[in-house]
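The chain contents come next:
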Amino acid sequence: MPESDPRSRGALFGLRVVEIGEMVAAPYCAKLLADLGADVVKIERPGGGDPARRRGPFPDDVAHAERSALFLYLNTSKRSVTLDLDDPAAGPLFRGLVAGADILVEDRAPGWLAERGLGHQALAADDPRLIVTSITPFGQTGPNRMHESRHLNLYHSAGHASPFQAPSADETRAAPKAGGYLGEYDAGLMAAVGTLAAVLGRELSGAGQHIDISKQEAMMALERVTIGRFANEPDPFSGRGPGGLIRAKDGYIIINTLEPRQWEGLVEMMGRPEWTRAEWCQAPEQRTQRMEEIQRHVGQWAADRTRDEIYHAAQAHGTPAGPVRNVAEVIAWNQAREREFFRELHHPEVGTLEYPTASYRYSETDWVGRAAPLLGEHNRELFGGALGYTSAQLSRFAQRGVI
């Protein structure tokens, strides 16, 4: 799409963002804004940059700071500069980047930026319209505000673990946490929503504000149903009904029968086999008690059928079901292809790869993703061209480790 086409600019074209973020939550927040057209400048530590660059996974399992899939995904559409904010000489460069920006997204410990004269109050004195979004494990206030935490700790501090339903009732258990960095993504999403609300609020009031995002609270807000279930039911898996994770001919499928009509649909689609007509099978309580036996029967029926056969039969009988697909199947799925959910982006180190885009479609603007930046790729462009520092000054900053 030509850059002159207004659609190529994105819905947030003209919005300027500075990000001081590492790993997942803050970078994901800024990524969501960047992919919608905001101009996001990511500040990284000189030398190593964002730790996500070293986290991987990497192509062929060969570690490389410019080839981490985690970093490449989380930092699309951004520009990168390096800046050591612990060095007093970095202050003017930082203020120069923030000057005229609409938003600062940061994930340092409470008070970390303020100790360096770069906190919300100091920046708001320069520009009252600035919005500062701070993302920390437990928020800016409270007795735990200075506590450090990792994803696993936060997941459990939020009051729940992830339910995992295994094929056998004996194997049903609670996993330590959801896969990957789900809770971190939750926090980044909530931060993006809060930030955009503040942008709208500024249109009415003319003033920016400080947004305090707690990762723990983000997880509690988005997983509130699970929290209540685990807190109030002795057996949180009771009442889920026969079904669950079933092995089909070509993989697994999930079947849910929480309501009587859904159970009836399952029975009908299986052709009302003899065991379903037994007296014990007519009472929901007894079906729950003999769940493992039912799972075995359903598994035997499903073993000769494909996931799609079961899925369409379940749909026709009003029983919720869905195939469990691996990554390759999801990428090849014609629904995702038709909607162009995956798009190719070219990166100088890893070449052309397909990236997930976004779950929303705009009638007048488009997803405007670009490949993630190299470490410090835009130092000269931003510190030199935009802020006016000379090549000699930039060389001295580099030699000193400021940039």
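So, a few notes on the structure that sits alongside this text. (Residues numbered from 1 in each chain as written. Predicted model: local features only at pLDDT ≥ 70, side-chain atom pairs only at ≥ 80, totals over all residues. Heavy atoms only, no water.)

**Quick word on the sheet that holds strand S5 (residues 131–136)**
Next up, step 1: Read across the sheet, six strands follow the order S3-S2-S1-S4-S5-S8 without closing on themselves; strand pairing throughout is parallel. Each edge of the open sheet carries a strand with a single partner, namely strand S3 (78–82) and strand S8 (210–214). The mean angle between the axes of side-by-side strands here comes to 20 degrees, regardless of whether they run parallel or antiparallel.
Next up, step 2: Here strand S1 (residues 16–20) runs beside strand S4 (residues 103–106); their pairing, made up of four bridges, is parallel. Note that in S4 the partner of Val18 across the bridge is Leu104.
Next up, step 3: Taken strand by strand, helix H3 (residues 90–98) contacts S1, strand S2 (39–44), S3 and S4, and its axis lies near 145 degrees from that of S1.
Next up, step 4: Taken strand by strand, helix H8 (residues 215–222) contacts S5 and S8, and its axis lies near 70 degrees from that of S8. (Pairing = 2+ DSSP bridges. Helix = DSSP H or I, 4+ residues; strand = E, 2+ residues; numbered from the N terminus. Axes fitted to C-alpha atoms, helices over the stretch in contact; angles between N-to-C directions. Contact = heavy atoms within 4.5 Å.)

**Concerning a nonpolar patch on the surface**
Next up, step 1: On the surface, Leu189, Val193 and Leu222 cluster together to form a nonpolar patch covering roughly 240 Å² of accessible area.
Next up, step 2: Looking at the element boundaries, Val193 is found in helix H7 (residues 182–205). (Patch = residues over 30% accessible without salt bridge, like charges linked within 9 Å, V, L, I, M, F, W, Y side chains within 5 Å. Areas by Shrake-Rupley, 256 points an atom, 1.4 Å probe, with all protein chains shown as cover. Salt bridge = Lys/Arg side-chain N within 4 Å of Asp/Glu carboxyl O.)

**What about the packing of aromatic side chains?**
Next up, step 1: For the coordinates displayed, the defined rule picks out six aromatic pairs.
Next up, step 2: Measuring from centroid to centroid gives 5.0 Å for Phe341 and Phe342, while their planes differ by 85 degrees, and the two rings are edge-to-face.
Next up, step 3: For Phe341, a relative accessible area of 27% translates into the label partly exposed.
Next up, step 4: Counting every residue linked through ring pairs, the aromatic cluster contains Tyr28, Tyr73 and Tyr185.
Next up, step 5: One cation-aromatic arrangement involves Arg108 over Trp112; the distance from NZ or CZ to the ring centre is 5.3 Å.
Next up, step 6: The ring of Trp333 carries Arg325 above its face, with NZ or CZ at 5.3 Å from the centroid. (Phe/Tyr/Trp six-rings, centres within 6.5 Å; stacked < 30°, edge-to-face > 60°. Buried < 20%, exposed > 50% of the residue type's maximum accessible area, 1.4 Å probe, protein only. Lys NZ or Arg CZ within 6 Å of the ring centre and 35° of its normal.)

**Details of the side chain of Asp186**
Next up, step 1: Looking at the element boundaries, Asp186 is found in helix H7.
Next up, step 2: For Asp186, a relative accessible area of 10% corresponds to the buried category.
Next up, step 3: In contact with Asp186, other than residues within four places in its own chain, are Ala218, Met219, Leu222 and Glu223.

**Observations regarding the nonpolar core**
Next up, step 1: In this structure, Val17, Ala38, Ile103, Val105 and Ile135 are the most contacted members of the largest nonpolar core, which totals 40 residues.
Next up, step 2: Those elements giving two or more residues to this core turn out to be helix H1 (25–34), helix H2 (69–74), S4, S5, H7 and S8.
Next up, step 3: A total of eight residues in this core trace back to one element, the largest contributor, which is H1.
Next up, step 4: Discounting chain neighbours no more than four positions away, the residues touching Ile103 are Leu15, Arg16, Val17, Val18, Leu33, Leu130, Ile131, Thr133, Thr195 and Val199.
Next up, step 5: Ranked by size, the runner-up nonpolar core spans 27 residues in total, among them Val18, Ile43, Ala90 and Val98. (Core = buried A, V, L, I, M, F, W, Y, C linked by side-chain atoms within 4.5 Å.)

**Notes on the pairing of strand S9 (residues 244–248)**
Next up, step 1: Within S9, four of the five residues are buried, leaving the element largely enclosed by the surrounding structure.
Next up, step 2: Turn length for the S9-strand S10 (residues 251–255) hairpin, with the two strands adjacent in sequence and antiparallel, is two residues.

**Quick word on the pattern of salt bridges**
Next up, step 1: Taken as a whole and assessed by the stated rule, the structure comprises 27 salt bridges.
Next up, step 2: Between Glu44 and Arg53 there is a salt bridge, with its nearest N and O atoms 2.8 Å apart.
Next up, step 3: Overall, Glu44 belongs to the buried group, its relative accessible area being 3%.
Next up, step 4: Using a relative accessible area of 0% as the deciding quantity, one classes Arg53 as buried.

**What to know about the sheet that holds S10**
Next up, step 1: As summarised here, the arrangement of the three strands in space is S9-S10-S11, forming an open sheet in which the pairing is antiparallel. The open sheet is flanked by S9 and strand S11 (321–323), the only strands paired with a single partner. Taken over all neighbouring pairs, the strand axes of this sheet differ in orientation by 25 degrees on average, direction set aside.
Next up, step 2: Taken together, the five bridges between S9 and S10 define a ladder with antiparallel strand orientation. If you follow Ile246 over to S10, its bridge partner there is Ile253.

**Things to note about the pairing of strand S13 (residues 351–356)**
Next up, step 1: For strand S12 (residues 342–347) and S13, the ladder comprises six bridges, and the chain directions are antiparallel. For Phe342, the partnering residue across the bridge sits in S13 and is Pro356.
Next up, step 2: Connecting the antiparallel pair S12 and S13 is a turn made up of three residues.

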